[in-house]
Amino acid sequence: MSAVVFARHAMTPAERLRDAGWVAFVGLILGIPLVGLTTVDVGGRLGVETRFVCWGTGMADLDNDGWPDLFTVTGSVYPEMEREVADHPLRTPRFVYRNLGDGTFEEMIEEAGPGVAEAHCSRGCAFGDFDNDGDVDILVVNLNEPPSLLRNEAKNPHHWLKVQLTGTKSNRSAIGARVVVRYGGRRQVQEVLAQSSYVSVNDRRLHFGLGSAASAGIEIRWPNGAVESFANVAADRLVVFKEGAGIVRSMAFS
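Only a predicted model underlies this, so the values are computations on that prediction, with no experimental measurement involved.

K.L.:
Mind showing me how you'd approach the pairing of strand β13 (residues 215-221) here?
P.N.:
In summary, the side chains of a regular strand alternate between the two faces of the sheet. Alternating residues of β13 divide into Ala216, Ile218 and Ile220, all buried, and Ser215, Gly217, Glu219 and Arg221, none buried. Two strands pair when backbone bridges link them, and strand β10 (residues 178-183) and β13 are joined in this way by 5 bridges, in the antiparallel orientation. Looking across to β13, one finds that Val181 is bridged to Ile218. Note that β13 and strand β14 (residues 227-234) share 6 bridges and pair antiparallel. In the strand pairing of β14, Ile220 is matched with Glu228.

K.L.:
Please explain the sheet that holds strand β4 (residues 95-99) as it appears in this structure.
P.N.:
Note: strands within a sheet are paired through backbone hydrogen bonds, in either parallel or antiparallel orientation. If you trace the 4 strands from one edge of the open sheet to the other, you get β2-β3-β4-β5, paired in antiparallel fashion. Every interior strand has two partners, whereas the edge strands, β2 (54-60) and β5 (105-108), have only one. Taking each pair of neighbouring strands and ignoring which way they run, the sheet shows an average axis angle of 20°. Strand direction decides the pairing type here: β4 and β5, joined by 4 bridges, are antiparallel. Within β5, the position partnered with Val96 by the bridge is Met108.

K.L.:
Help me understand the pairing of strand β6 (residues 122-128), please; the structure alone is not making it clear to me.
P.N.:
For β6, a buried count of 7 out of 7 residues is recorded, marking the element as mostly surrounded by other parts of the structure. Direction of pairing for β6 relative to strand β7 (residues 137-142): antiparallel, over a ladder of 5 bridges. Counterpart to Ala126 in the pairing with β7 is Leu139.

K.L.:
Can you help me understand the side chain of Ser170 in this one?
P.N.:
Its location among the elements puts Ser170 in the loop between β9 (159-166) and β10. Given a relative accessible area of 9%, Ser170 falls into the buried group. In this structure the side chain of Ser170 is engaged in a polar contact, spanning 3.2 Å, whose partner is the backbone nitrogen of Asn224. Leave out the neighbours within four places in its chain, and Ser170 touches Trp222, Pro223, Asn224 and Glu243.

K.L.:
Would you explain the environment of Val180 in this entry?
P.N.:
Note that Val180 resides in strand β10. Relative accessible area serves as the criterion here: at 7%, Val180 is assigned to the buried category. Sequence spacing of Val180 and Ala216 is 36 residues, and the spatial spacing of their C-alpha atoms is 9.9 Å. Apart from residues lying up to four places away in sequence, Val180 is in contact with Arg187, Gln188, Val189, Gly217, Ile218 and Glu219.

K.L.:
I tried to follow the packing of aromatic side chains on my own but got confused; where do I start?
P.N.:
For any two aromatic rings, the description comes down to two numbers: the centre-to-centre distance and the angle of the planes. The final tally for this structure, using the stated rule, is 6 aromatic pairs. Consider the rings of Phe71 and Phe127, whose centres lie 5.9 Å apart with planes at 85°: the pair is edge-to-face. With Phe71 in strand β3 (residues 69-74) and Phe127 in strand β6, this pair connects stretches of sequence that are 56 residues apart. Under the relative-accessibility criterion, Phe127 is labelled buried at 8%.

The rules behind each value
- Residues numbered from 1 in each chain as written.
- Predicted model: local features only at pLDDT ≥ 70, side-chain atom pairs only at ≥ 80, totals over all residues.
- Heavy atoms only, no water.
- Buried < 20%, exposed > 50% of the residue type's maximum accessible area, 1.4 Å probe, protein only.
- Helix = DSSP H or I, 4+ residues; strand = E, 2+ residues; numbered from the N terminus.
- Pairing = 2+ DSSP bridges.
- Axes fitted to C-alpha atoms, helices over the stretch in contact; angles between N-to-C directions.
- Polar contact = N/O pair within 3.5 Å; in protein donor to acceptor, adjacent residues only side chain to side chain.
- Contact = heavy atoms within 4.5 Å.
- Phe/Tyr/Trp six-rings, centres within 6.5 Å; stacked < 30°, edge-to-face > 60°.

Right, here's the structure in full:
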């Protein structure tokens with residue numbers, strides 16, 4: 001498995017729920033009681049990160065291996081603190097938890113590239129494939145400085161699939177729709193959301209890493225309750241579904 005590498009990207013004006021591990025991560029970041037999860041579950045499977053004040057957070061398959069990873073941005077609250085306590089700086093790195101596929105996650109900071117390791121005081125983060133090359137990039141909002149656009153430069157042979165929904169009887173943006181993708185004996189579930197992470201919103205094209213699978217079955221539950229299923233959808237492309245009409249466009253990225 002190749003490492004996930006995020007590089008700094010200079011923006012042009014034109015560019016201006018899945019498993020217990022995710023629940024545990026959210027609980028640790030926000031201090032939410034973890035009902036049904038013991039200390040052993042959390043400590044043994046994910047670990048506890050206490051060095052940083054964490055803000056924007058997301059779960060996305062950053063290397064398309066079929067196992068969603070975790071990403072969060074950090075930054076302290078009071079700039080006066082670092083003048084008094086040297087080991088509590090205002091600007092701190094982001095970090096990636098790479099999903100190893102066995103119930104454990106590997107924390108990556110320097111290994112994930114300069115876009116992650118550099119220290120900033122960050123708040124929001126949004127996920128999407130801004131350059132349409134088949135992987136997930138990340139936009140980070142920083143305090144008192146320009147935003148950071150992290151371009152995913154991971155090189156791997158894995159397949160992926162993007163799903164875009166257009167509602168007709170449901171709302172046109174299909175907010176609230178649930179998509180289940182089945183591939184290689186496994187499945188992923190994502191929902192179309194109007195808001196993601198901390199004061200951020202993701203690309204509404206849902207991105208699924210498929211690992212070695214070259215096709216997938218797709219089930220869509222529209223907000224009005226209707227369910228549609230599609231078998232053997234080819235990977236490595238954006239597929240647009242219109243409620244009641246099926247696939248209306250399929251586009252492979254160059």
